[in-house]
Amino acid sequence: MLKCNPLSRNFFKNNSLNLFMAVLGTSVLSLAILSVPQLFQILIDYLSGSREYSLRGIILLTAGIFLMEFFSAVATYFFRTKFSTRAVLQYRNFACDYLLKKKVADFYASNSSVYLSALSTDLMKIKEQFLDQIPIITQILFCGIGAMIVMLRYNVFLACMSCVLSLIPFFAALYSGKNMGELEDRLSTRNAEYLAFLKDFSIGFTIIKSYKVEAIFSKLHGAVNEKTEETMLKRERCVEKVNYFAAISGYITRLSILFLSAYIAFTRHSISIGTVIAFSQLIHYLIDPLSSLPSMLSEAKAAYRLTDKFWDTIKREEELRKVVGNKKALEQQEFIEHQSTTEHKDRVGDKIAIEEQSGMAEALPSLRGEILFNQICFSYSEGKEVLKGLNLRVKEGEKVVLLGTSGSGKSSILKILMSMERAQSGTIRIGGQDTMDLGEDRIFKEISYIQQEVFIFDGTIRENICLFQNCREEELQSVIERAGLRNLVKEKGLDYLCGENGAALSGGERQRISIARSLLRKTPILLADEITASLDKENTYLVLDTLLNIENTTEILVLHDLDSRILSRVDRICVLKNGKVEEEGNFTELLEKKGYFYALYHVEAE
Ligand SMILES: Nc1ncnc2c1ncn2[C@@H]1O[C@H](COP(=O)(O)OP(=O)(O)OP(=O)(O)O)[C@@H](O)[C@H]1O
């Protein structure tokens, strides 16, 4: 029995009528198909001199069968295609909405090619081998059962013999198709790997060309391609083997029945020549279901398993994350329990207050107040601590710059603040509220996070700034002005197509669009992680200048470029070393201190 998962339930939701009509159509079609051998028998017996039937009756019967076949075939085609296309549409919509609800870290726990392959190649296989096959399998079953009944009516002995002999192709198909499910699974994994390669290939094409590594990539492609094709070949061979066994055994059965019925007709005269012809036709409808059903069913089952596989993958990441999250939460709880009881009480009080407000996220006031990192310890893997008891306070409205050598943990701090990573111990509070209690949704709503890698959708400038939503014209013009996009918009217009990932824009323009996006959201907190890394000095200055001019916003900027024009304008500079803030102060203070910042600044200047 078919066990639906929440994904595959979408195949049948609001779609049962289409499926029912398609199955009804195929059932009527089976009746029409089964009438044909009987028509042959009547016609041949009439031509051999039997006066049981009239020519007028035969003509009327022929016309009736033809009409029945025509209308049921049209209905089947219409409803079958309607059923399968709606099923695919609903499945994809559900999967997309489900993925959109996932946490960022959960989404990226799988390679994106898993999603691509599940919703393209795998889904097409499910459509062809499962959804489209449901009415066909019903038709085959109907024809098989109907053929048996008609045969029994003609001659019980021959019908029983046909039934027994038809078991040969049935077992042959069953035996030869036993690996089908496993091969289908393996092929799906290979397809996902191939898609992952293609994704790297297309995104990294410029790098491949500029580093002249075409030959290596050609080799890598060859290897991945070969692996995929090898599995495909195994699957094809399995299908061929099933078909071959079915054909050979079916041929033996058909011949046996023909000889047997002809023998009975000529020696015992208990059946007519017309019946022999009818039997030779009807046996097809008995052999075909028995020989093709096992392979069709195993193919359909294997294809259906792909939905289970996809569902398990997207669920498993969440479950895993929950387990890891719970473990980390437990560790964190233990850590907190070591802290003073007063603080603990405050925390519980806060938690209850937040819980009381849960479900009212929309109505909550925006996150204001200072950001406080308290004793944050964090590592990606055991034994490699990135942050070692980091303390950092960013007051409301402050513009703070994080500096440090490569790998000192600057980006990690922002990721932990965004709840994209979870610290093993310590707390982060925004306006007194623990970010662990706030949840990812609220944090993403209140904090703009601009990263070095800007993603530009393949749409217009307007769509990319407003992210496909309607936004007020004055607001749009204001952010365009503040993000320094005036010249670009004046020259190209808001409906200018940016190209795939902004291929038709410069690096600075792409980055300004991402700033305009953030400005439009008017969040109280803005984080920027090395957003000017790919820009020249002048553009870097212009982009950062835009950020520093935003009022009423707390900003944490991770910078690489130590430009005094920017550093002298920010409220505070925090320099990281050994997983902690080594030094902090304004630009002049830190220079006068002649400490770690001074050394970094002069190394950069040289
Ligand atoms: N997803 C990850 N998995 C494992 N280790 C990671 C991951 N991301 C970063 N790291 C490691 O954690 C350390 C801190 O990385 P992080 O990106 O926070 O540093 P950073 O100061 O921002 O560096 P940079 O200036 O080079 O961007 C580095 O040693 C890095 O290799």
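A brief look at the structure comes next. (Residues numbered from 1 in each chain as written. Predicted model: local features only at pLDDT ≥ 70, side-chain atom pairs only at ≥ 80, totals over all residues. Heavy atoms only, no water.)

Next up on the list: the state of the cysteines. Under the criterion given, the structure shown has one disulfide. Shown here is the disulfide that connects Cys-466 with Cys-471, its sulfur atoms set 2.1 Å apart. The exposure class of Cys-471 is partly exposed, given its relative accessible area of 25%. (Disulfide = S-S within 2.5 Å. Buried < 20%, exposed > 50% of the residue type's maximum accessible area, 1.4 Å probe, protein only.)

Charged atoms that come close allow side chains of opposite charge to pair. Taken as a whole, this structure holds 22 salt bridges when the rule is applied. Ionic pairing is found between Glu-481 and Arg-486, a salt bridge with its closest N-O pair at 3.0 Å. Here the salt bridges do not stand alone but share partners, grouping Lys-125, Glu-184, Arg-235 and Glu-236 into one network. (Salt bridge = Lys/Arg side-chain N within 4 Å of Asp/Glu carboxyl O.)

The next thing to look at is a nonpolar patch on the surface. On the surface, a nonpolar cluster with roughly 820 Å² of combined accessible area is contributed by Tyr-244, Phe-245, Ile-248, Tyr-251, Ile-252, Leu-255, Leu-258 and Phe-259. Here Tyr-244 is to be found in helix 11 (residues 214–268). Given the relative accessible area of 54%, Tyr-244 is considered exposed. (Patch = residues over 30% accessible without salt bridge, like charges linked within 9 Å, V, L, I, M, F, W, Y side chains within 5 Å. Areas by Shrake-Rupley, 256 points an atom, 1.4 Å probe, with all protein chains shown as cover. Helix = DSSP H or I, 4+ residues; strand = E, 2+ residues; numbered from the N terminus.)

Let us now look at the nonpolar core. Grouped together as the largest cluster of nonpolar side chains are 47 residues, with contacts concentrated most on Ile-465, Leu-485, Leu-547, Leu-567, Ile-573 and Phe-597. When near neighbours in sequence (up to four residues on either side) are disregarded, Phe-597 contacts Leu-403, Leu-567, Ile-573, Val-575, Glu-583, Phe-587, Leu-590 and Leu-591. Core analysis: the next-biggest nonpolar cluster, separate from the first, contains 32 residues, Ile-376, Val-394, Met-420 and Cys-574 among them. (Core = buried A, V, L, I, M, F, W, Y, C linked by side-chain atoms within 4.5 Å. Contact = heavy atoms within 4.5 Å.)

Another point: helix 19 (residues 507–521). With 15 residues, helix 19 extends 22 Å from end C-alpha to end C-alpha; this agrees with the ideal 21 Å at 1.5 Å per step. Burial runs high along helix 19: 12 of the 15 residues are buried. Considered for burial, the residues of helix 19 that qualify are Gly-508, Glu-509, Gln-511, Arg-512, Ile-513, Ser-514, Ile-515, Ala-516, Arg-517, Ser-518, Leu-519 and Leu-520. A positive backbone phi angle near 50° is found at Lys-522, which sits one or two residues after helix 19. (Expected span 1.5 Å × (residues − 1).)

Moving on to the site of the ligand. In the vicinity of the ligand, the contacting residues are Tyr-380, Val-386, Thr-405, Ser-406, Gly-407, Ser-408, Gly-409, Lys-410, Ser-411, Ser-412 and Glu-530. Between Gly-409 and the ligand, the recorded distance is 3.0 Å, taken from a backbone N or O atom to an oxygen atom. Within the contact set of the ligand, an oxygen atom lies 2.7 Å away from a side-chain nitrogen or oxygen of Ser-411. Protein contact buries 58% of the 630 Å² of open area that the ligand shows by itself. Top contributing element to the shell around the ligand by residue count: helix 14 (residues 410–417), with three residues. (Near = heavy atom within 4 Å. Polar contact = N/O pair within 3.5 Å; in protein donor to acceptor, adjacent residues only side chain to side chain.)

Another aspect to go through is the environment of Phe-71. On the secondary structure map, Phe-71 appears in helix 3 (residues 55–100). Classification of Phe-71 as exposed rests on a relative accessible area of 54%. Sequence separation between Phe-71 and Leu-29 is 42 residues, and the spatial gap between their C-alpha atoms is 8.4 Å.

Notably, Gln-375 is not glycine yet its phi reads approximately 50°, a positive angle. Position of Gln-375 among the secondary structure elements: in strand 1 (residues 371–379). Gln-375 sits in the partly exposed class, given a relative accessible area of 33%.

We now examine the packing of helix 2 (residues 16–47) against helix 3. Their axes nearest at 7 Å, the elements helix 2 and helix 3 cross at an angle of 155°. Put simply, helix 2 runs roughly antiparallel to helix 3. The interaxial crossing formed by helix 2 with helix 3 has left-handed handedness. A per-class count over the contact of helix 2 with helix 3 returns 21 nonpolar, seven polar and four charged. (Axes fitted to C-alpha atoms, helices over the stretch in contact; angles between N-to-C directions. Parallel < 35°, antiparallel > 145°, perpendicular 65-115°, else oblique. Left-handed = near helix turned anticlockwise from the far one by under 90°. Nonpolar A, V, L, I, M, F, W, Y, C, P; charged D, E, K, R; others polar.)

This paragraph deals with the sheet that holds strand 7 (residues 525–529). Overall, mixed pairing links the six strands, which are arranged 6-7-8-3-9-10 in an open sheet. Here the strands that pair on one side only, and so sit at the sheet edges, are strand 6 (447–450) and strand 10 (580–585). With strand direction ignored, the average angle separating the axes of adjacent strands in the sheet is 20°. Examined bridge by bridge, strand 3 (residues 399–403) and strand 8 (residues 554–558) share four bridges and lie parallel to one another. In the sheet register, Lys-399 faces strand 8, and the bridge partner there is Glu-555. (Pairing = 2+ DSSP bridges.)

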